[in-house]
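Here are the chains, one letter per residue:
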Amino acid sequence: MGFACGIVGLPNVGKSTLFNALTATAAAAAANYPFCTIEPNVGRVPVPDRRLEVLARLAKSAKIGPTQLEIRDIAGLVRGASKGEGLGNRFLAAIREVDAILHVLRCFEDPDVTHVEGGVDPLRDAELVETELLLADIESLERQKDGLVRRVRGRDPEAQAKLAVLEKLLPPMERGTPARAVPLGAEEKDLAKGFQLLTAKPVLYVCNVEEAAAATGNRWSEAVAAMAARQGARTVVISAAIEAELAQLEPEERKAYLAALGLEEPGLAKVIREGYRLLGLITFFTAGPKEARAWTIPEGATAVQAAAQIHSDIAKGFICAEVIAYEDYVRLGGEQGAKEAGRMRLEGRDYVVRDGDVCHFRFNV
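Residues numbered from 1 in each chain as written. Predicted model: local features only at pLDDT ≥ 70, side-chain atom pairs only at ≥ 80, totals over all residues. Heavy atoms only, no water.

1. Re the pattern of salt bridges
A side chain with one charge may pair with a side chain of the opposite charge, provided their charged atoms come close. Just so we agree on the cut-off: In what follows, salt bridge is the name for a side-chain nitrogen of Lys or Arg lying within 4 Å of a carboxyl oxygen of Asp or Glu. The secondary structure listing takes helices from DSSP runs of H or I that are at least 4 residues long and strands from runs of E that are at least 2 residues long, numbered from the N terminus. Exposure categories follow from relative accessible area, calculated using a 1.4 Å probe and restricted to protein chains: below 20% of the type maximum is buried, above 50% is exposed, and the middle band is partly exposed.
Using the criterion set out here, one finds 20 salt bridges in the structure. A salt bridge links D355 to R51, with the nearest nitrogen and oxygen atoms 3.0 Å apart. Taken together, the residues D355 in the loop between β11 (345-347) and β12 (358-363) and R51 in helix α2 (residues 50-59) connect sequence positions 304 residues apart. For D355, a relative accessible area of 43% gives the class partly exposed. Look at the salt bridges and you will find they share partners, linking R44, E70, R72 and E97 into a network.

2. A look at the sheet that holds strand β7 (residues 234-238)
Sheet strands pair by backbone hydrogen bonding; their relative direction is either parallel or antiparallel. Under the convention used in this document: At least two DSSP bridges between two strands are needed for those strands to be called paired. All axes are obtained by fitting lines to C-alpha atoms, using only the stretch in contact for helices, and the reported angles, taken between N-to-C directions, cover 0 to 180 degrees. Whether two residues touch is decided by their heavy atoms; if any such pair falls within 4.5 Å, the residues are in contact.
Read across the open sheet, the six strands follow the order β2-β4-β1-β5-β6-β7; overall the sheet is mixed. Each edge of the open sheet is held by one strand with a lone partner, namely β2 (41-46) and β7. Averaged over neighbouring strand pairs, the angle between their axes works out to 25° when direction is ignored. Here strand β5 (residues 100-107) pairs with strand β6 (residues 203-209) via seven bridges, running parallel. Bridge pairing in β6 links L105 to C207. Of the strands in this sheet, β5 and β6 are in contact with helix α4 (residues 122-153), which crosses β5 at around 145°.

Structure below.
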């Protein structure tokens with residue numbers, strides 16, 4: 001099951017620097033000119049989770065396997081992208097392929113790094129990108145509406161249901177409301193997924209600040225946080241320059257550097273965790289002498305769906321799941337202690353897995 005976040009924003013806001021730091025590679029050519037990222041660069045990054053190390057220690061695991069998130073660095077958007085300006089068509093197509101958006105906003109001054117809009121204004125930049133995505137969505141819905149109307153005339157009930165959702169979405173979007181903010185019922189949301197709307201994707205605003213503001217933020221990041229609060233969105237403050245430095249250091253050097261800057265952890269750890277939450281994902285664990293491993297599933301997934309993440313045969317021959325809550329596993333000193341205290345449960349295939357569950361699946365193929 002793949003989950004991907006796309007890093008988007010205007011040119012020269014720090015997207016590729018952030019991507020390089022996230023993947024600890026120089027795969028994306030960070031440079032001071034627009035469109036240095038021509039095709040989406042793709043990297044897989046481990047999701048930081050201290051619980052995994054605790055479980056590995058208690059289970060005396062030989063290896064640790066963190067869960068991962070796919071990150072894509074997407075070419076910078078410019079004004080007019082919805083009409084094909086710059087690399088607009090590629091930009092929009094690349095966004096359609098991701099599940100959530102990490103929207104990088106420049107919140108720092110630097111005379112050596114040009115800004116395509118002439119000056120630093122993250123709220124303007126956010127609105128510009130959102131407007132381009134909204135215009136592309138409106139154009140897409142208008143095209144799809146024509147086809148649905150023809151199918152409705154042919155008495156197609158599925159088309160009639162989809163057309164009703166489209167007609168509920170289009171008016172507020174034409175007034176400037178992104179698709180994710182238009183109230184829809186559960187069935188309507190399922191139908192709306194078929195429209196592949198860019199503004200339906202969840203957004204995390206990543207405020208790229210100067211090094212001195214990495215721990216506290218600045219006036220621009222505060223303005224972005226206020227905007228995000230009004231939208232019901234979330235923000236993270238990072239300094240891409242610091243993250244790029246950290247990516248080149250050894251673990252002990254990294255700790256010392258963070259401490260000197262007054263930071264508890266790299267900003268990238270917050271970006272990855274928030275991106276993970278943005279996608280509505282949770283983590284369950286398996287732990288034993290060979291390996292302690294974290295696994296990604298959508299919130300609300302059942303035990304048999306979780307088993308399928310490990311191997312399709314386990315899901316096919318599913319008998320039951322032995323489940324221990326993470327807190328019980330730690331408090332009682334591991335699997336044996338949890339069993340002796342009666343804190344290990346046997347759950348069936350329809351059990352809804354909770355974040356942090358430590359699972360062992362019994363199966364027979």
